[in-house]
Protein chains: 2
Amino acid sequence: MSIRIGILGYGNLGRGVECAVKQNPDMELVAVFTRREPQTVSILTESASVCHVSEAAAWKDKIDVLILCGGSATDLPEQTPAYAKLFNVVDSFDTHANIPKHFDAVDAVAKESGKTGIISVGWDPGMFSLNRMYASAILPGGKDYTFWGKGVSQGHSDAIRRIEGVKNAKQYTIPVEATLEAVREGKNPELSTREKHTRECFVVLEEGADAAKVEQEIKTMPNYFADYDTTVHFISEEELIRDHGGIPHGGFVLRSGKTGWEEENSHLIEYSLKLDSNPEFTSSVIIAYARAAYRLNKEGQAGAKTVFDIPPAYLSAKSGEELRAAML
Amino acid sequence: MSIRIGILGYGNLGRGVECAVKQNPDMELVAVFTRREPQTVSILTESASVCHVSEAAAWKDKIDVLILCGGSATDLPEQTPAYAKLFNVVDSFDTHANIPKHFDAVDAVAKESGKTGIISVGWDPGMFSLNRMYASAILPGGKDYTFWGKGVSQGHSDAIRRIEGVKNAKQYTIPVEATLEAVREGKNPELSTREKHTRECFVVLEEGADAAKVEQEIKTMPNYFADYDTTVHFISEEELIRDHGGIPHGGFVLRSGKTGWEEENSHLIEYSLKLDSNPEFTSSVIIAYARAAYRLNKEGQAGAKTVFDIPPAYLSAKSGEELRAAML
């Protein structure tokens, strides 16, 4: 009997979840819910239904875990608590500062409904958070660092696209290699924003736009670019599509710390990801946690959870015996 | 009220645990148990007692978690089940093939006594196992690789020391850089033993020993060296002490896998450790899991556990709220 998965929201993340389900034989995609006209949405899984989001409640007993694939700005703060009334849910809420509030909102509803809701699943928040937490528990006398990239930042690409005269744009966040090396050498540097990452922008201009003005506007944009060393390349739309069509990402979590009676020994823990597709990797993490949500709920563990709360074995299709024999 | 820690066995690992306790303000070392004459053992923590191992039972209600620091060959298979009758215990049992049997032995006793026993804690088994498991759950369509080193292998150093004419020796296990790179590039190679690691030996000869014969004996030793490219350096005892006195280690766990409807996207997950002191890092992991053992037992979760069974948050001195606000 497979774990029956539903997807709410069929963008990059929703499609990624669909692909991840296909790789896990203990799971089955049963329905995709969309705000669009269902007839206009074509999915890859022949056996699954496409339904309007307004029909979701009717699937209450036909779905074991509903994956919420909306955005963190406006969708998930509404959707995750709302659907936790009816379903076990997993989301990838990634507005770090609002996680405590989101957790409390989901927890209250899910405890009431007896459902399990796992929030903020993916790689950051998600696997990066886990690695920050494990490393800091192991090396309390240490310091941790997170670097992102090389990868596409959707938010920064959007910010460039909003500039007058810009037709299209793609922005890459790139960790500064020399800084990464200094961290690896255990120097525990104090780092400014500029020292950690650079930003590289590929911009397609509207006809007649003023390149110098656009470049100036990008480089001085507060929060997004002003505090970084930023490079701007102007390219054609064809080049953008040909060379920058992917959504790669990745990054590094490092912790260096000391041990010994006089803290005489140094240690470095490093976790890194190199991802061809940010949404597909995020989806793969989500699907592993969907398995955990299903199991936790079977055990009666209702309420909101994060990656910190979940025993690693709950993510695996293998039994405890198999894991101990093959992976420990 | 601190978590009261006991140490059984005061070698490199026991001393490492003592140092790790010092770095964790919510813990306190109360006693060290030794098979030697207690008067002959001097420890670093002034407030802790040194007792003969035969007195351990009397400390039943004065210790929250007993850390078993014996060897995996003969000590732990006896000690962990025996002491799980009286104490919550953590061990670093690392004979991978015997983990299932050891788990069952500890589980039976601990369930009966109502204690919690966490076995096979450290970095491999331990943090490396966790990373193999998380990565394989996230990327089921993939392949994982573990490389060890550069670091000192105690077992291989001992094997060299047993050769006639050898006074002292230190052996380093070194991952083959080109192979690591091939794995990072997602080539998913099938690898022979020789392709993964090389072995470098620093040997001090007895006076009058035949260097060529010793080198030949090392390089052809079955299991230990015959399947590897091995380099042997003859050095003086002074050089050995001066340049090879440490116990560094480390390694890499990598998993590369594909996602996408046609598995068109590649991903690489890499976890690595660079450790100045193998026993002190192992001890630091053990102490984080001692905190988990204490908490699990307070909740009534008796029996044997491994790193796979334990929610990450149980390792941290921080509360769930603090972790969600600061680390997620």
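Analysis parameters
Each chain carries its own residue numbering, running from 1 in the written order of its sequence. Lettering for chains starts from A, numbering for ligands starts from 1, and both go in the order in which the items are written. Whole-chain, interface and lining totals are the exception, using all residues; otherwise, since this is a predicted model, local features are given only for residues with pLDDT of at least 70 and side-chain atom pairs are given and counted only at 80 or more. Excluding hydrogens and water, the side-chain figures rest on all heavy atoms present in the structure. Here a strand is any run of E in DSSP of at least two residues, a helix any run of H or I of at least four, and the numbering for each starts at the N terminus. Our radius of gyration looks at C-alpha atoms and nothing else; its globule reference is 2.2 Å times the residue count to the power 0.38. Relative accessibility thresholds used throughout: buried, under 20% of the residue-type maximum; exposed, over 50%; partly exposed, between the two (1.4 Å probe, protein chains only). Contacts are assigned to residue pairs that have any heavy atoms within 4.5 Å of one another. Working definition of accessibility: Shrake-Rupley area with a 1.4 Å probe, residue cover restricted to the visible protein chains. Salt bridge, as used here: a side-chain nitrogen of Lys or Arg that lies within 4 Å of a carboxyl oxygen of Asp or Glu. Centre distance within 6.5 Å is the pairing criterion for rings of Phe, Tyr and Trp, where only the six-membered ring of Trp is used; planes under 30 degrees apart are then read as stacked, over 60 as edge-to-face, and the remainder as tilted. Least squares is used to superpose the copies, and the fit set is the C-alpha atoms of residues whose pLDDT is at least 70 in both copies. Two strands pair under a simple rule: DSSP has to find at least two bridges between them. Geometry is summarised by axes, namely lines fitted to C-alpha atoms with helices restricted to the contacting stretch, and by angles between N-to-C directions that run from 0 to 180 degrees. Accessible area that two parts lose when put together, with a 1.4 Å probe and added across both, is what the buried area reports. Following the grouping adopted for this structure description, the nonpolar residues are Ala, Val, Leu, Ile, Met, Phe, Trp, Tyr, Cys and Pro, the charged ones are Asp, Glu, Lys and Arg, and the polar ones are all others, Gly among them. To estimate the expected span of a helix, count its residues, drop one, and scale the result by 1.5 Å. Among the buried residues, those of types Ala, Val, Leu, Ile, Met, Phe, Trp, Tyr and Cys that are joined through side-chain atoms within 4.5 Å form a nonpolar core. If the strands point away from the viewer and the path from the first strand over the helix to the second runs clockwise, then the crossover is right-handed.

1. Here's the deal with the overall build of chain A
Right, so step 1: For chain A, the count of helices and strands is 11 helices and 14 strands.
Right, so step 2: In summary, chain A has a C-alpha radius of gyration of 22 Å against a globular reference of 20 Å for 328 residues, a match within 12%.
Right, so step 3: Considered along the principal axes of its C-alpha atoms, chain A spans approximately 65 × 60 × 35 Å.
Right, so step 4: By the burial criterion, 58% of the 328 residues in chain A qualify as buried.
Right, so step 5: Taking the intrachain contacts of chain A between residues at least 6 apart in sequence as the baseline, contacts between residues at least 24 apart amount to 68%.
Right, so step 6: Within the structure as shown, chain A displays about 13400 Å² of accessible surface, and the carbon and sulfur contribution to it stands at 48%.

2. Here we look at the pattern of salt bridges
Note that side chains of opposite charge can pair when their charged atoms are close.
Right, so step 1: All told, the structure shown has 34 salt bridges over all chains when counted by the stated rule.
Right, so step 2: A:Arg184 is the salt-bridge partner of A:Glu177, the closest N and O atoms lying 3.8 Å from each other.
Right, so step 3: Taking relative accessible area as the criterion, A:Glu177 reaches 49% and is therefore assigned partly exposed.
Right, so step 4: In this structure, B:Lys219 and B:Glu215 form a salt bridge, with 2.9 Å as the shortest nitrogen-oxygen distance. Note that B:Lys219 and B:Glu215 are positioned in helix H8 (residues 211–219) at a spacing of four residues, about one turn of the helix.
Right, so step 5: Taken together, the shared-partner salt bridges connect A:Glu177, A:Glu181, A:Arg184 and A:Glu270 into one network.

3. What about the packing of aromatic side chains?
All names here are of chain B.
Right, so step 1: By the definition in use, this model includes nine aromatic pairs over all chains.
Right, so step 2: Measuring from ring centre to ring centre gives 6.0 Å for Phe33 and Trp59, while their planes differ by 80 degrees; the resulting arrangement is edge-to-face. One end of the pair, Phe33, is in strand E2 (residues 27–34); the other, Trp59, is in the loop between strand E3 (49–52) and strand E4 (65–68), and 26 residues separate them in sequence. In this pair, the class of Phe33 matches that of Trp59, namely buried.
Right, so step 3: Pairing Tyr172 with Phe202 gives two aromatic rings, centres 5.8 Å apart and planes at 85 degrees, and the pair type is edge-to-face.

4. Notes on the relation of the copies chain B and chain A
Right, so step 1: You can overlay chain B on chain A at an RMSD of 0.0 Å; the transform is a turn of 180 degrees with a shift of 0.0 Å along its axis. Put plainly, the chains are arranged around a two-fold axis.
Right, so step 2: Same-surface contact between copies: 100% of interface residues of chain B are shared with the interface of chain A.

5. Brief notes about the sheet that holds strand E11 (residues 229–234) of chain B
Residue and element names in this part refer to chain B.
Right, so step 1: One open sheet accounts for four strands, arranged E8-E9-E10-E11; its pairing is mixed. The open sheet has two edge strands, strand E8 (151–152) and E11, and neither has a second partner.
Right, so step 2: Where E8 meets strand E9 (residues 166–175), two bridges bridge the pair, whose relative direction is antiparallel. In the strand pairing of E9, Val152 is matched with Tyr172.
Right, so step 3: This element, helix H5 (residues 154–161), spans E8, E9 and strand E10 (197–205) of the sheet and lies at about 145 degrees to E9.

6. Things to note about the interface of chain B and chain A
Interfaces are often sized by the accessible area lost when the parts come together.
Right, so step 1: Each side of the interface is counted separately: chain B has 68 residues, and chain A has 68 residues.
Right, so step 2: Between chain B and chain A lies a buried interface of about 6100 Å² when both sides are counted; carbon and sulfur atoms form 63% of it.
Right, so step 3: The largest per-residue losses of area from chain B upon contact with chain A belong to B:Trp261, B:Arg324 and B:Leu328, which jointly make up 15% of the total buried on that side.
Right, so step 4: One can count zero salt bridges joining chain B with chain A.
Right, so step 5: Listing elements by their share of the side of chain B that touches chain A, those giving two or more residues are helix H1 (12–22), helix H3 (99–113), helix H4 (127–138), strand E12 (249–259), strand E13 (265–275), helix H10 (278–298) and helix H11 (320–326) of chain B.
Right, so step 6: Counting residues per element, the side of chain B that touches chain A draws most heavily on E13(B), at 11 residues.
Right, so step 7: Residues of the side of chain B that touches chain A, tallied by class, amount to 35 nonpolar, 19 polar and 14 charged.

7. Observations regarding the environment of A:Glu164
Residues and elements named next belong to chain A.
Right, so step 1: Mapped onto the fold, Glu164 is located in the loop between helix H5 (154–161) and strand E9 (166–175).
Right, so step 2: Given a relative accessible area of 70%, Glu164 falls into the exposed group.
Right, so step 3: Between the alpha carbons of Glu164 and Glu217 there is a distance of 9.5 Å; along the sequence they are 53 residues apart.

8. Details of H3(B)
The periodicity of an α-helix, 3.6 residues per turn, causes residues three or four places apart in sequence to face the same way.
Right, so step 1: The terminal C-alpha atoms of H3(B) lie 21 Å apart, and with 15 residues this matches the ideal 21 Å at 1.5 Å per residue to within 8%.
Right, so step 2: Regarding H3(B), the residues found buried are B:Ile99, B:His102, B:Phe103, B:Val106, B:Asp107, B:Val109 and B:Ala110.
Right, so step 3: Structurally, H3(B) contributes buried residues whose contacts are with helix H11 (320–326) of chain A together with helix H2 (75–83), strand E5 (88–91), strand E6 (116–118) and strand E14 (303–305) of chain B.
Right, so step 4: Backbone geometry just after H3(B) places B:Gly114 at a positive phi near 75 degrees.

9. Section: the nonpolar core
Right, so step 1: Residues A:Ile5, A:Tyr289, B:Ile5 and B:Tyr289 are the most contacted members of the largest nonpolar core, which totals 158 residues.
Right, so step 2: With sequence-adjacent residues up to four places away left out, B:Tyr289 is seen in contact with A:Tyr134, B:Val90, B:Ile118, B:Val121, B:Leu130, B:Val307, B:Ile310 and B:Leu315.

10. Looking at H1(B)
Residues and elements named next belong to chain B.
Right, so step 1: Most of H1 is tucked away: eight of the 11 residues are buried.
Right, so step 2: Among the residues of H1, those classed as buried are Leu13, Gly14, Gly16, Val17, Glu18, Cys19, Ala20 and Val21.
Right, so step 3: Buried residues along H1 sit against strand E1 (3–8), E2, E4 and H10.

11. A word on the sheet that holds strand E10 (residues 197–205) of chain A
Residues and elements named next belong to chain A.
Right, so step 1: Across the sheet, four strands lie side by side as E8-E9-E10-E11; this open sheet has mixed pairing. The sheet is open, and its two borders are formed by strand E8 (151–152) and strand E11 (229–234), each paired with just one other strand.
Right, so step 2: Note: E10 against E11, six bridges, orientation parallel. Within the sheet, the bridge partner assigned to Phe202 lies in E11 and is His233.
Right, so step 3: Along the sheet face, helix H8 (residues 211–219) touches E9, E10 and E11 and points at about 150 degrees away from the line of E11.

12. Structural notes on unusual backbone geometry
Right, so step 1: Note that the residue after A:Asp124, namely A:Pro125, is joined by a cis bond; omega there is 5 degrees.
Right, so step 2: Tracing the backbone shows A:Pro125 in the loop between strand E6 (116–118) and helix H4 (127–138).
Right, so step 3: The omega angle of the peptide bond from B:Gly149 to B:Lys150 is -5 degrees, so this bond is cis rather than trans.
Right, so step 4: Here B:Lys150 lies in the loop between strand E7 (142–148) and E8.
Right, so step 5: Unusually for a residue other than glycine, A:Glu263 sits at a positive phi of about 50 degrees.
Right, so step 6: Take A:Glu263: it is sitting in the loop between strand E12 (249–259) and strand E13 (265–275).
Right, so step 7: Unlike most non-glycine residues, B:Asn223 shows phi in positive territory, near 65 degrees.
Right, so step 8: Take B:Asn223: it is sitting in the loop between H8 and E11.

13. Points about the pairing of strand E1 (residues 3–8) of chain A
All names here are of chain A.
Right, so step 1: For E1, the buried fraction is high: five of the six residues fall into the buried class.
Right, so step 2: Where E1 meets strand E2 (residues 27–34), six bridges bridge the pair, whose relative direction is parallel. Bridge assignment links Ile7 to a residue of E2, and that residue is Val32.
Right, so step 3: Handedness of the crossover joining E1 and E2 through helix H1 (residues 12–22): right-handed.

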